[in-house]
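Residue-level structural notes
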Amino acid sequence: MTDQLTMWWKQWKRNVPGYLFIGPSLILFLVFLAYPAVEAVRISFYRLTMSENEFIGWDNFRKLFQDDTFLMAFGNTFKYVLYIVPVCVAFSILIAVLIHSMSERWAAFYRGVFYIPVVASVVSISLVWAAAFEPVIGILNYFLSVLHMAPVTWLADPNTAFFSLVFIIISWSVGQPIILYSAALGGISSEYYEAASMDGAGRLRKFVNITWPLVKPTTLYILVITTIHAFQTFAVINLLTKGGPYGTTTSVIYELYQHAFVYTDFGYASAMGTVLFVLIGIVSYFQFRFMTAKIEF
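The structure presented is a predicted model; accordingly, all values stated were derived computationally and were not measured.

1. As for the packing of helix H11 (residues 216-231) against helix H14 (residues 266-292)
- Orientation of H11 relative to H14, taken along the N-to-C sense of each, is 165 degrees, at an axis distance of 10 Å. Here H11 lies roughly antiparallel to H14, going by the angle between them. Crossing of H11 over H14 shows right-handed handedness. Of the residues in H14, those in contact with Lys-216, Thr-219, Leu-220, Leu-223, Val-224, Thr-227, Ile-228 and Phe-231 of H11 are Leu-276, Leu-279, Ile-280, Val-283, Ser-284, Gln-287, Phe-288, Met-291 and Thr-292.

2. A word on the packing of aromatic side chains
- Within the structure shown, the criterion is met by 26 aromatic pairs.
- Geometrically, the ring pair formed by Trp-58 and Phe-61 is tilted, given 5.5 Å between the ring centres and 55 degrees between the ring planes.
- Taking relative accessible area as the criterion, Phe-61 reaches 12% and is therefore assigned buried.
- Here the aromatic residues Phe-65, Phe-70, Phe-74, Phe-78 and Phe-231 are joined through ring pairs into a cluster of three or more.
- Geometry around Phe-162 places Lys-79 over its ring, the cationic atom sitting 4.5 Å from the centre.

3. A word on the pattern of salt bridges
- Taken as a whole and assessed by the stated rule, the structure comprises four salt bridges.
- The partner of Arg-42 in a salt bridge is Glu-39, and the shortest N-O contact between them spans 2.6 Å. Placement of the pair is Arg-42 and Glu-39 together in helix H1 (residues 2-43), with a separation of three residues, close to one helical turn.
- Relative accessible area serves as the criterion here: at 23%, Glu-39 is assigned to the partly exposed category.
- Measuring nitrogen to oxygen at the nearest pair gives 2.7 Å for the salt bridge that ties Arg-62 to Asp-59. Here Arg-62 and its partner Asp-59 are both found in helix H2 (residues 59-64), three residues apart, which amounts to about one turn of the helix.
- Residue class for Asp-59 comes out partly exposed when judged on its relative accessible area of 36%.

4. Describing a nonpolar patch on the surface
- Together, Leu-26, Ile-27, Leu-28, Phe-29, Leu-30, Val-31, Phe-32 and Leu-33 make up a nonpolar patch on the protein surface, roughly 810 Å² of accessible area in all.
- Mapped onto the elements, Val-31 comes out in helix H1.
- On the basis of relative accessibility, which here comes to 45%, the residue Val-31 falls in the partly exposed class.

Criteria and thresholds
Residues numbered from 1 in each chain as written. Predicted model: local features only at pLDDT ≥ 70, side-chain atom pairs only at ≥ 80, totals over all residues. Heavy atoms only, no water. Axes fitted to C-alpha atoms, helices over the stretch in contact; angles between N-to-C directions. Helix = DSSP H or I, 4+ residues; strand = E, 2+ residues; numbered from the N terminus. Parallel < 35°, antiparallel > 145°, perpendicular 65-115°, else oblique. Left-handed = near helix turned anticlockwise from the far one by under 90°. Contact = heavy atoms within 4.5 Å. Phe/Tyr/Trp six-rings, centres within 6.5 Å; stacked < 30°, edge-to-face > 60°. Buried < 20%, exposed > 50% of the residue type's maximum accessible area, 1.4 Å probe, protein only. Lys NZ or Arg CZ within 6 Å of the ring centre and 35° of its normal. Salt bridge = Lys/Arg side-chain N within 4 Å of Asp/Glu carboxyl O. Patch = residues over 30% accessible without salt bridge, like charges linked within 9 Å, V, L, I, M, F, W, Y side chains within 5 Å. Areas by Shrake-Rupley, 256 points an atom, 1.4 Å probe, with all protein chains shown as cover.

Geometric values such as these leave the question of function open.
Have a look at this one:
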């Protein structure tokens, strides 16, 4: 027993520098992420407002699935994911392949162009697009007028508002995937392509049989991260449409924000957050199961 304690003490002393390095980040994670997440789950079982604090069990969750506004937000959130994620993945790999075939100077230029929106704030990008979509003086309606077409109220029309937001979100969501795909493509040996060329393979066949299988680990990461971000769509909705018109652009996170900080119904808002957390976990799990089954590490 004494020998085991001595060995444990020596091993602990060797690991002290590592503990000191990860300590600050671990403390921040526990205080600002882990604890709030656990607390949010706890208060989702309470009627918690500025004047009430009462345990009500599953009532908040029952109320959620009888709330037409939440159900609309729930459906819209899935729609955001279904439109944004496939387009981001497909567009990113396409642009990355095109950039990879360019000279280093032009490749660096285009990588920078696509990455600029990633480092810019969501607020500034949203406001720029708001000006472009402006129905009277916006540049998009100016082009329509040049083509002798009627102006469109892009963000106020139920038929166009949702897809306008999807386009805006995609515009800043593809920058990081393009950089990641570019890095992954740079790690593929040119010998594979040379051998394929000797066998008479064209560009499409090279992509299907060489490029796509070898970038699948990168695709998995991009798929999961983009899905999580799409489920958490909020800022552009809050800035441009406030969930309208007629709830066509609202999302679960926007409704959570409304109930928590406008109506101060913290228990109900926490129930929304808990449902979204479980939903993201389930979707991410199946993405990992589906993609890792086809990846050879």
